[in-house]
Amino acid sequence: MVKAKVVIRNLTGLHLRPAGILCNKAILYKSKIQFQTDRTTANAKSVLSVLGACVKSGDEIEFICEGEDEQEALDSMIKVVEDGLGE
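Residues numbered from 1 in each chain as written. Predicted model: local features only at pLDDT ≥ 70, side-chain atom pairs only at ≥ 80, totals over all residues. Heavy atoms only, no water.

Let us look at helix α3 (residues 70-82). The terminal C-alpha atoms of α3 lie 18 Å apart, and with 13 residues this matches the ideal 18 Å at 1.5 Å per residue to within 8%. Residues of α3 that are buried: Glu70, Ala73, Leu74, Ser76, Met77, Ile78, Val80 and Val81. Buried residues in α3 make contact with β1 (2-7), α1 (16-26), β2 (32-36) and β4 (60-66). Positive backbone phi, approximately 95 degrees, marks Gly84, located one or two places after α3. (Helix = DSSP H or I, 4+ residues; strand = E, 2+ residues; numbered from the N terminus. Expected span 1.5 Å × (residues − 1). Buried < 20%, exposed > 50% of the residue type's maximum accessible area, 1.4 Å probe, protein only. Contact = heavy atoms within 4.5 Å.)

Structure follows, in structure tokens:
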């Protein structure tokens, strides 16, 4: 299992479009990919779970990846967030 924290920087947080981009990236990996906020844990491969986490701009999330490609998955998730989730 590997973990890393990242801050959501896009102004709108994880609304539908960036949540979809996050999920589309996550489903490329075999590993279980979740993220935690101070309020909840979400499955990064589920748009409904990501939207339900209600992540706003400036929130810190911690990705947790577990599986055969966990480090590659974690690096990719951090990169997609740091790249602005398509915004």
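Our focus in this paragraph is unusual backbone geometry. Residues other than glycine seldom take positive phi values, yet Cys54 does so here, at roughly 55 degrees. Position of Cys54 relative to the elements: it lies in the loop between α2 (47-52) and β4. Despite not being glycine, Leu85 has its phi angle at roughly 55 degrees, a positive value. Summarising the element assignment, Leu85 is placed in the segment after α3.

Attention now goes to the pattern of salt bridges. In total, this model carries 4 salt bridges according to the counting rule given. Taking the shortest distance from any N to any O, the salt bridge between Arg39 and Asp59 comes out at 3.4 Å. Pair noted here: Arg39 is in the loop between β2 and β3 (41-43) and Asp59 is in the loop between α2 and β4, with a separation of 20 residues, a long-range link. For Arg39, a relative accessible area of 48% gives the class partly exposed. Among the charged side chains, a network of salt bridges with common partners joins Asp38, Arg39 and Asp59. (Salt bridge = Lys/Arg side-chain N within 4 Å of Asp/Glu carboxyl O.)

α3 packs onto α1 with a crossing angle of 160 degrees between their chain directions and a minimal axis gap of 10 Å. One finds that α1 runs roughly antiparallel with respect to α3. At the point where α1 passes α3, the crossing takes the right-handed sense. Counting all contacts with α1, which are made through Ile21, Leu22, Lys25 and Ala26, the residues of α3 involved are Ser76, Met77, Val80 and Val81. Across the contact of α1 with α3, the residue classes break down as 6 nonpolar, 1 polar and 1 charged. (Axes fitted to C-alpha atoms, helices over the stretch in contact; angles between N-to-C directions. Parallel < 35°, antiparallel > 145°, perpendicular 65-115°, else oblique. Left-handed = near helix turned anticlockwise from the far one by under 90°. Nonpolar A, V, L, I, M, F, W, Y, C, P; charged D, E, K, R; others polar.)

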